[in-house]
Amino acid sequence: MRKRIAVLASGSGSNLQAILEAIDSGEILDAEVVLVLSDRKEAYALERARLRNIQTKYLRVKDYAAREEFDRHAVCVLEEARTDLVVLAGYMRLITPLFLAAFEQRVLNIHPSLLPAFPGGHGVADALAYGVKVSGCTVHFVDEGMDTGPILLQEAVPVYDDDTAETLHERIRKLEHKLYPKAINLWVQGKIKLRGRRCVIDE
Ligand code: GRF
């Protein structure tokens, strides 16, 4: 059975695009993106989905009194779309326990640093300001913390003396576009086993 993927994004959606292209090319097998959901109306990720006739959903944060209510509605939308896997791709909201309970071990995120270093919304700038010589990206399962879930894949890039947050982020993004499809395919093929915090890949 083809796995049904929902992508949650707040921004440009370049990772969404990479996932769609990886499905087109067969790098991700037996899966389709059935829904793109955003908390930002102007997120270009929504436009990318519309261009491919993929169902989109915008949920306006102001319409919900609490994070749980927002997530309760998001879960309904995801369940209606019969989502197997939730992929966060530049989604700028913390996921509540209620959401995680509905999609246990079925929510992935990508973060632009080598976790556990530099979690949060400014990972690239924080790494640069700290003066690291190597950074990278991390695909991980989502838990209740901020970028704290079990790590699935990581890869590194060099940091150069003349880097700005933008140039470093661009180098990391290129890597993300390869690493996220790879991780998603491993999940779809059922090759990931969780042993406590450790993800073991069964090749
Ligand atoms: C990526 O760098 C990702 O690691 C972070 O947000 C960024 C999203 O970029 N979580 P895009 O919207 O996929 O281009």
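Look a little higher up for the structure.
Residues numbered from 1 in each chain as written. Predicted model: local features only at pLDDT ≥ 70, side-chain atom pairs only at ≥ 80, totals over all residues. Heavy atoms only, no water.

A. Focus on the environment of Asn185. Along the chain, Asn185 turns up in helix α6 (residues 165–188). What makes Asn185 buried here is its relative accessible area of 17%. Along the primary structure Asn185 and Ile19 are separated by 166 residues, whereas in three dimensions their C-alpha atoms are 9.8 Å apart. Residues within four places of Asn185 in sequence aside, it is in contact with Glu27, Ile28 and Leu29. (Helix = DSSP H or I, 4+ residues; strand = E, 2+ residues; numbered from the N terminus. Buried < 20%, exposed > 50% of the residue type's maximum accessible area, 1.4 Å probe, protein only. Contact = heavy atoms within 4.5 Å.)

B. Fine view of the site of the ligand. With respect to spatial proximity, the complete set of residues near the ligand consists of Gly11, Ser12, Gly13, Ser14, Asn15, Gly90, Ile110, His111, Pro112, His169, Arg173 and Glu176. In this structure, a nitrogen atom belonging to the ligand sits 3.0 Å away from a main-chain N or O atom of Ile110. Within the backbone of Pro112, an N or O atom sits 3.5 Å from an oxygen atom of the ligand. Relative to its unbound accessible surface of 370 Å², the ligand loses 90% to contact with the protein. Taking a 2 Å distance to the grid points as the criterion, the majority of the atoms of the ligand fall inside the largest pocket. Secondary-structure elements contributing two or more residues to the shell around the ligand are α1 (14–25), β5 (107–111) and α6. Class assignment of the residues belonging to the shell around the ligand gives a composition of two nonpolar, eight polar and two charged. (Near = heavy atom within 4 Å. Polar contact = N/O pair within 3.5 Å; in protein donor to acceptor, adjacent residues only side chain to side chain. Areas by Shrake-Rupley, 256 points an atom, 1.4 Å probe, with all protein chains shown as cover. 1 Å grid on protein atoms, 1.4 Å probe; cavity = no way out; pocket = protein on both sides within 12 Å on 5 of 7 lines; lining within 4 Å. Sits in = over half its atoms within 2 Å of the grid points. Nonpolar A, V, L, I, M, F, W, Y, C, P; charged D, E, K, R; others polar.)

C. Structural view of the packing of aromatic side chains. Taken as a whole and assessed by the stated rule, the structure comprises three aromatic pairs. For the pair Tyr64 and Phe70, a centre-to-centre distance of 5.3 Å together with 75° between the ring planes defines the contact as edge-to-face. Summarising the burial analysis for this pair, Tyr64 and Phe70 share the class buried. Taken together, a centroid distance of 5.8 Å and an interplanar angle of 45° make the contact between Phe99 and Phe103 tilted. The pair Phe99 / Phe103 is uniform in exposure class, with both members buried. (Phe/Tyr/Trp six-rings, centres within 6.5 Å; stacked < 30°, edge-to-face > 60°.)

D. Focus on the packing of helix α5 (residues 123–130) against α6. Their axes nearest at 9 Å, the elements α5 and α6 cross at an angle of 115°. The element α5 and its partner α6 pack so that their crossing is right-handed. From α5, Val124, Ala125 and Leu128 reach across to α6, where they touch Ala165, Leu168, His169 and Ile172. Of the residues assigned to the contact of α5 with α6, the class counts are six nonpolar, one polar and no charged. (Axes fitted to C-alpha atoms, helices over the stretch in contact; angles between N-to-C directions. Left-handed = near helix turned anticlockwise from the far one by under 90°.)

E. Quick look at the layout of surface pockets. Quantified by volume, the largest pocket comes out at close to 810 Å³. Lining the largest pocket are 38 residues, with Gly90, Tyr91, Met92, Ile110 and Pro112 positioned closest to its centre. The element that contributes the greatest number of residues to the lining of the largest pocket is α6, accounting for five residues. By residue class, the composition of the lining of the largest pocket is 13 nonpolar, 18 polar and seven charged. Counted as a void, the second largest pocket has a volume near 220 Å³. (Points joined across faces, edges and corners; volume = space filled by probe spheres on them.)

F. Examining the side chain of Thr83 more closely. As for its position among the elements, Thr83 is in the loop between α3 (67–80) and β4 (85–88). Since its relative accessible area comes to 6%, Thr83 is described here as buried. A distance of 2.7 Å separates a polar side-chain atom of Thr83 from the backbone oxygen of Leu78. Not counting residues up to four positions away in its chain, the partners in contact with Thr83 are Arg4, Ala6, Leu78, Phe103 and Arg106.

G. Spotlight on unusual backbone geometry. Residue Pro116 is bonded to the preceding Leu115 through a cis peptide linkage, with omega at 15°. Relative to the helices and strands, Pro116 is located in the loop between β5 and α5. Its identity as a non-glycine residue notwithstanding, Arg82 has a phi of 50°, on the positive side. When its relative accessible area of 55% is taken as the criterion, Arg82 is described as exposed. Phi angles above zero are rare outside glycine, and Asp147 is one such case at about 60°. Along the chain, the position of Asp147 falls in the loop between β6 (134–141) and β7 (151–158).

Bear in mind that shape data such as this cannot, by itself, settle questions of function.
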